[in-house]
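# Structure at a glance
The residues making up each chain are set out below.
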Amino acid sequence: MEKITSVSNEKIKYFLNLRKKNIRYQEQKFLVEGLHLTEEAYKNNLLETVLTTDEVLLKKFNNCKQILVNDSIVNKLSTTTTPQNIIGVVKMKKQEFQKTNKYVVLDDVNDPGNFGTIIRTSLALGVNNIIVSLNTVDEYNEKTLRATQGAIFKANIVRMNLEDAYQNLKQQNVKIITTSLDTNKLLKDLKQPESFAVVLGNEARGISEISKTYSDESIIIPLKNDIESLNVAVAFSIVLYNLMN
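Parameters and conventions
- Residues numbered from 1 in each chain as written.
- Predicted model: local features only at pLDDT ≥ 70, side-chain atom pairs only at ≥ 80, totals over all residues.
- Heavy atoms only, no water.
- Helix = DSSP H or I, 4+ residues; strand = E, 2+ residues; numbered from the N terminus.
- Buried < 20%, exposed > 50% of the residue type's maximum accessible area, 1.4 Å probe, protein only.
- Lys, Arg positive; Asp, Glu negative; His and termini not counted.
- Charge placed at Lys NZ, Arg CZ, Asp CG, Glu CD.
- Salt bridge = Lys/Arg side-chain N within 4 Å of Asp/Glu carboxyl O.
- Arc of directions from axis to C-beta.
- Contact = heavy atoms within 4.5 Å.

## What about the overall build of the protein chain?
Within the protein chain, the regular secondary structure consists of ten helices and eleven strands. In terms of overall dimensions, the protein chain has a C-alpha envelope of 60 × 40 × 30 Å along the principal axes. Counting only residues that meet the buried cut, the protein chain has 49% of its 245 residues in that class. Positive and negative side-chain charges of the protein chain, numbering 31 and 28 respectively, have mean locations separated by a distance of 4 Å.

So, in structure tokens, the structure goes:
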């Protein structure tokens, strides 16, 4: 066990730099805050270093580097206004396109909370493979990580050009399903395909032209009380639940 008391320590400066997107991808590491996310990273063999003010708690993480710190260091590394007393340094998992029969595709989803909720819902309903466009918000954004509640450590998230992704899906005979306000086909009328990919568009613009081009089925969720649309994560939950049941 190592003990660090200064926020100016070189290791602390290094960990702080992992808050920068370019640095974390360069180092293939990112930070998580709080006991739950740290424990989930540990369970999935991705936790490299744990920093906490609690020496007893520190001993729970016996297969990674342990650093005892003070509140000043936790506050420095944290992005929350009332930080918990534990920070984890986590290794990025190698992600690659996998052949399976169920996918989620994110077409420039911009809100980190939505992204995190989509990851968590996808895993909860049995879909582990998530393809994200190059302009989708970063999955290691601290708000995204919190919203996943640890599901990110079990997901296979592949960031790639969407046209390449769709061509791969077409070769596997995966049905590409999009949602639109401009279609008359109701979700309840969609026959459950054996293989499918649910596409989620940008919160403001919806799905892109490339997604429309490759779409096999475009469906709408009927709404009442003059509500025009749903939050993208909520709409996704409804669509995926219907497709999985």
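So, next bit.
## What about the pattern of salt bridges?
Throughout the structure, instances matching the rule amount to 15 salt bridges. Here Glu33 makes a salt bridge to Arg19, at a shortest N to O gap of 2.9 Å. With Glu33 in strand E2 (residues 29–33) and Arg19 in the loop between helix H1 (10–17) and helix H2 (21–27), the pair connects residues that are 14 residues apart, well separated along the chain. Of the two residues, Glu33 and Arg19, neither departs from the other in class, the shared state being buried.

## What to know about helix H3 (residues 35–43)
Residues Leu37, Thr38, Glu40 and Ala41 constitute the buried set of H3. The arc that holds the buried residues of H3, viewed along the axis, is 160 degrees, so those residues lie on one side. Asn45 sits one or two positions beyond H3 and adopts a positive phi of about 60 degrees.

## Observations regarding the environment of Val32
Tracing the sequence through the fold places Val32 in strand E2. Counting along the chain gives 46 residues from Val32 to Ser78, while the straight-line C-alpha distance between them is 8.7 Å. Residue contacts for Val32: discarding those within four places in its chain leaves Leu37, Thr38, Ile86, Ile87, Gly88, Val90, Leu145 and Phe153.

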